[in-house]
Amino acid sequence: MKDDKMLNYISEVIANMPTDWLKLTTHRLDIYDEELAKTQFLEHFENLYRENIAETFALQKLPTAYDYIRLGHPLSCILEWAIAKSNDLDPENVIAFQSKTIPVLAILRKNLLDQKNTRILYTDKLPEFFDVETLREVYGYSFDLKKVKTVEEISSFDGSTVFISQDAQVSEVNLSSNIDFFINLQSDLGSVLVMDGKQDNAYVSEIQHVRRRETIAMTPANCLAALKLLVGKSSAKSKETEIGTKKNQVTNSINEITGTSSKVLVASCGLSMQYAIMMGLVHEALEKHKGKEIKFIVPPNCYGGTNDQVRRVAACLDRVEVLDMPVDGDNDMVQSIDTVLEKVAREDAVPYIIAEIPTNPRVEVPNLKDLRDVLQEKRKTSTDKVAIEPVFILDQTFCPNVQFLASDGILSAISSISYVSGSKFPSGGRCTAGYCVANNKAANLLDKVEEHLVLCDNKATNLQMEILAEQLPTMNQRIKDAYKNTREFVSFIQENLPEAKINFVSEQLANQGFTPSVFSLDLPTKGDTAEEREAYKRALNLKLINMMIQEIPNESKYCVSYGQLNGCYWTIPATSTQGTTKEADKDYIARVSLSPNLDLERHKEVFLDFVKQI
């Protein structure tokens with residue numbers, strides 16, 4: 001149904017929208033309620049719509065829609081709202097994806113766990129990358145697949161009916177009585193999944209969670225293009241010849257930065273990349289180690305997205321299990337790996353290790369020679385056969401400049417894949433794209449990884465490649481400059497608040513090339529009981545963050561970020577990046593990230609004022 005009032009309003013919003021809606025990857029936590037993600041933003045947006053207010057200053061005051069654009073953002077919310085409003089639906093039942101495959105996988109995953117039947121219907125042909133056999137054999141999904149001539153001929157079905165459309169307009173939805181999920185594929189822009197009002201609310205949260213963990217929301221740029229199509233405006237496209245050049249530049253830059261010669265895979269985000277790595281390795285194990293169990297070994301307090309995604313994969317596959325590998329505090333990564341690998345070897349299982357170096361949030365680096373030795377150690381099964389060698393999957397988001405995988409790198413003799421979240425230093429916070437490479441020993445594994453990156457339609461967008469091509473050549477210099485600022489700020493804090501505990505790399509590690517620009521700050525506390533001391537510390541964290549963002553609003557921000565071009569970012573890992581980590585493993589300490597470009601002296605002044613008040 002055409003709604004001229006709504007279309008005119010959206011046209012005004014497009015013309016007046018804050019530039020941050022299109023350009024920022026992370027958004028403020030101080031005006032964000034995670035439990036009300038999307039809904040709170042849309043409630044306030046709906047009020048502006050009713051009052052016909054579309055000025056920039058009013059749009060800027062809207063609460064944060066999502067804290068990170070991988071999960072969603074203002075433009076994805078508005079696109080979903082507009083499609084819902086055009087079809088008399090609840091905006092909660094409309095979800096925009098960058099991927100054209102993952103919406104289907106999200107439904108299949110939910111129905112697999114619920115043991116519910118799924119029927120997938122289409123009228124013309126399925127997308128080329130929709131690999132039916134792999135979805136059944138590797139992902140474990142069960143479904144019926146049928147081509148139909150018209151929607152009218154769709155009969156009833158005991159289970160969920162998914163209808164895939166490739167030729168509908170942006171706002172077009174056809175939810176007949178026998179269609180439960182309508183998926184509108186929009187060429188290069190992504191896809192929109194629409195649920196009928198009869199679906200259990202659990203589908204909404206489960207599908208949103210898949211978008212949060214295994215892919216990304218339709219990008220701000222593509223949502224803007226879709227909104228322009230919705231209101232009848234055209235959107236400019238990049239020339240394919242230019243994109244080809246940009247892709248070559250990105251590949252060359254990443255190979256040079258990492259010291260590798262393998263193919264370079266670039267995904268829509270770091271977790272999209274990790275998902276392709278995981279499913280590619282599962283596929284590899286199913287083919288090469290038939291009948292054997294697959295063990296993913298991860299730190300229980302690693303980045304929340306990693307922790308959650310690994311366990312989500314294991315929940316769907318009987319032969320996959322997650323084993324914890326404690327790495328922080330009193331635990332030693334090398335010793336933990338040794339213990340777990342010995343257990344996996346005895347069971348004659350396939351070991352895949354996922355680890356962050358430096359660790360997050362404690363910023364610790366293991367003894368690398370010991371790490372190499374323990375990974376290289378030849379192990380035996382319980383029947384005295386040679387055990388399967390591990391694959392080491394390294395998240396080096398916090399040190400993308402270190403050449404672990406080079407021919408003379410510390411991991412050169414171990415099958416290793418490294419990956420990086422591109423929303424940090426690679427793009428300077430301008431896009432979410434992530435990438436991976438392999439050393440010579442693991443280079444053959446990337447074919448399977450790429451297969452699953454393509455199947456999930458999670459490759460980086462053209463715009464993401466353009467941004468990476470522009471930013472990667474300056475990355476290593478930005479890392480050096482940001483580290484210099486961070487080291488100076490850490491030294492200042494140590495001098496003026498010596499009782500605070502700071503987790504940051506040592507000068508010795510920095511000389512080896514580990515120069516992160518993030519540290520964790522464990523503020524001094526007081527109280528008679530452990531509960532009182534913890535409560536006091538948490539309140540002090542917020543006091544410090546609030547002082548910083550109020551006194552230096554143009555530079556200090558309360559949001560999850562790292563490797564940005566400008567400013568300083570403050571957060572508490574347990575309430576953001578580790579939001580899905582078990583409560584016992586959460587670390588309620590402040591995490592601080594500095595950029596190469598900020599007024600460091602002003603930050604020192606405000607911190608000194610904070611010290612005087614405690």
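As the structure is a computational prediction, the values presented were derived from the model and not from experiment.

Q: How would you summarise the overall build of the protein if you had to cite specific residues and measurements?
A: Counting its regular elements, the protein contains 20 helices and 18 strands. Against the compact-globule benchmark of 25 Å for 614 residues, the protein has a radius of gyration of 24 Å, which places it among compact chains. Expressed as lengths along the three principal axes of its C-alpha atoms, the size of the protein is roughly 70 × 65 × 55 Å. Per-residue burial over the protein gives 60% buried out of 614 residues. When contacts within the protein are restricted to residue pairs at least 6 apart in sequence, those whose partners lie at least 24 apart make up 74%. With the model as given, the accessible surface of the protein reaches about 24,800 Å², and the carbon-plus-sulfur share is 45%. In the protein, the 68 positive side-chain charges and the 86 negative ones have mean positions that sit 3 Å from each other.

Q: Describe the side chain of N93, naming the residues involved and giving the relevant values.
A: Inspection of the secondary structure puts N93 in the loop between α5 (74-86) and β1 (94-97). Given a relative accessible area of 11%, N93 falls into the buried group. The residues contacting N93, other than those within four sequence positions of it, are L193, V194, M195, D196, G197 and V204.

Q: Tell me about the layout of surface pockets, and please be specific about residues and values.
A: Here the second largest pocket defines a volume of roughly 580 Å³. Lining of the second largest pocket is provided by 25 residues; of these, D20, L24, R28, I31 and Q60 occupy positions nearest its centre. For the lining of the second largest pocket, the element with the highest residue contribution is strand β16 (residues 556-558), accounting for three residues. Grouping the constituent residues of the lining of the second largest pocket by class yields 14 nonpolar, seven polar and four charged.

Q: Describe the sheet that holds strand β2 (residues 118-122), with residues and values.
A: Taken in spatial order, the six strands make up an open sheet running β1-β6-β5-β4-β2-β3, and their pairing is mixed. The sheet is open, and its two edges are formed by β1 and β3 (144-147), each paired on a single side. Each adjacent strand pair in this sheet contributes to an overall mean axis angle of 20 degrees, direction not counted. Strand direction decides the pairing type here: β2 and β3, joined by four bridges, are parallel. Bridge pairing links L121 to K146 in β3. With respect to the sheet, α5 is in contact with β1 and β6 (190-195), its orientation differing from that of β1 by roughly 135 degrees.

Q: Tell me about the confidence of the model for the protein, and please be specific about residues and values.
A: Detail in the predicted coordinates should be disregarded across regions flagged by low pLDDT. In this model, the protein carries a mean pLDDT of 92, and residues with pLDDT of at least 70 account for 95%. Taken as a whole, residues 574-581 scores under 50 in pLDDT and shows 36 contacts with residues more than four places along the chain or in a different chain.

Q: Which residues make up the pairing of β2, and what values do they have?
A: Burial within β2 is extensive, with five of its five residues counted as buried. Pairing geometry for β2 and strand β4 (residues 160-165), over five bridges, is parallel. Looking at the pairing, L121 lines up with F163 of β4. Traced from β2 through helix α7 (residues 132-137) to β3, the parallel crossover comes out right-handed.

Q: Provide a residue-level description of the packing of α5 against helix α9 (residues 220-230), including the pertinent values.
A: The N-to-C vectors of α5 and α9 enclose an angle of 30 degrees; their axes lie 9 Å apart at closest approach. With respect to each other, α5 and α9 are oriented roughly parallel. For the pair α5 and α9, the crossing hand works out as left-handed. In this structure, α5 contributes L75, S76, I78, L79 and A82 to the contact, and α9 contributes P220, C223, L224, A226, L227 and L230. Within the contact of α5 with α9, the residues separate by chemical class into ten nonpolar, one polar and no charged.

Q: I'd like to hear about the pairing of strand β9 (residues 320-324), residue by residue, with values.
A: Bridge analysis of strand β8 (residues 294-298) against β9 gives five bridges, and the strand direction is parallel. For V298, the partnering residue across the bridge sits in β9 and is D324. With helix α12 (residues 304-316) bridging β8 and its parallel neighbour β9, the resulting β-α-β unit is right-handed.

Q: Explain the pattern of salt bridges to me, using residue names and the numbers behind them.
A: Scanning the entire structure with this criterion turns up 33 salt bridges. The salt bridge partner of K263 is E450, with a shortest N-O separation of 2.7 Å. Pair noted here: K263 is in the loop between α10 (240-258) and β7 (265-267) and E450 is in helix α15 (residues 446-455), with a separation of 187 residues, a long-range link. A relative accessible area of 32% places K263 in the partly exposed class.

Q: Give me empty space enclosed by the protein: which residues, what numbers.
A: Under the definition given, this model contains five cavities of 30 Å³ or more. Here the second largest cavity defines a volume of roughly 120 Å³. Lining the second largest cavity are 14 residues, with R109, Y139, Y141, Y275 and C316 positioned closest to its centre. Of all the elements, helix α6 (residues 102-114) adds the most residues to the lining of the second largest cavity, at four residues. Counted by class, the lining of the second largest cavity contains eleven nonpolar, no polar and three charged residues.

Q: Please provide a residue-by-residue account of α6, values included.
A: The periodicity of an α-helix, 3.6 residues per turn, causes residues three or four positions apart to be oriented the same way. Taking 1.5 Å of rise per residue, 13 residues should cover 18 Å, and α6 covers 18 Å from first to last C-alpha, within 8% of that figure. Of all 13 residues that make up α6, ten are buried, and the element is covered over most of its length. Among the residues making up α6, those that are buried are I102, P103, V104, L105, A106, I107, L108, R109, K110 and N111. Positioned one or two residues after α6, Q115 has a phi angle of 55 degrees, which is positive.

Q: For the packing of aromatic side chains, give the residues involved together with the corresponding values.
A: For the structure shown, the criterion picks out 20 aromatic pairs. Between F404 and F514, the ring centres sit 5.8 Å apart and the planes meet at 55 degrees, which makes this aromatic pair tilted. Taken together, the positions of F404 in the loop between β11 (391-395) and β12 (416-420) and F514 in the loop between α18 (507-511) and β15 (518-522) put the pair 110 residues apart, joining distant regions of the chain. F514 gets classed as buried once you look at its relative accessible area, which sits at 1%. On the basis of an interplanar angle of 80 degrees and a centroid distance of 6.1 Å, the ring pair of F489 and F607 is categorised as edge-to-face. Taken as a pair, F489 in helix α17 (residues 475-496) and F607 in helix α20 (residues 600-612) lie far apart in primary sequence, 118 residues in all. Comparing F489 with F607, the two get one shared label, buried. By the ring-pair criterion, three or more aromatic residues cluster together here, those being Y483, F489, F504, F519, W570, F607 and F610. Over the ring of Y203 we find K110; its NZ or CZ atom is 5.5 Å from the centre of that ring. For the cation-ring pair, R136 lies above F143, with the distance from its terminal atom to the ring centre recorded as 4.4 Å.

Rules used throughout
- Residues numbered from 1 in each chain as written.
- Predicted model: local features only at pLDDT ≥ 70, side-chain atom pairs only at ≥ 80, totals over all residues.
- Heavy atoms only, no water.
- Helix = DSSP H or I, 4+ residues; strand = E, 2+ residues; numbered from the N terminus.
- Rg over C-alpha atoms; globule rule 2.2 N^0.38 Å.
- Buried < 20%, exposed > 50% of the residue type's maximum accessible area, 1.4 Å probe, protein only.
- Contact = heavy atoms within 4.5 Å.
- Areas by Shrake-Rupley, 256 points an atom, 1.4 Å probe, with all protein chains shown as cover.
- Lys, Arg positive; Asp, Glu negative; His and termini not counted.
- Charge placed at Lys NZ, Arg CZ, Asp CG, Glu CD.
- 1 Å grid on protein atoms, 1.4 Å probe; cavity = no way out; pocket = protein on both sides within 12 Å on 5 of 7 lines; lining within 4 Å.
- Points joined across faces, edges and corners; volume = space filled by probe spheres on them.
- Nonpolar A, V, L, I, M, F, W, Y, C, P; charged D, E, K, R; others polar.
- Pairing = 2+ DSSP bridges.
- Axes fitted to C-alpha atoms, helices over the stretch in contact; angles between N-to-C directions.
- pLDDT = per-residue confidence, 0-100.
- Right-handed = clockwise from strand over helix to strand, strands pointing away.
- Parallel < 35°, antiparallel > 145°, perpendicular 65-115°, else oblique.
- Left-handed = near helix turned anticlockwise from the far one by under 90°.
- Salt bridge = Lys/Arg side-chain N within 4 Å of Asp/Glu carboxyl O.
- Expected span 1.5 Å × (residues − 1).
- Phe/Tyr/Trp six-rings, centres within 6.5 Å; stacked < 30°, edge-to-face > 60°.
- Lys NZ or Arg CZ within 6 Å of the ring centre and 35° of its normal.

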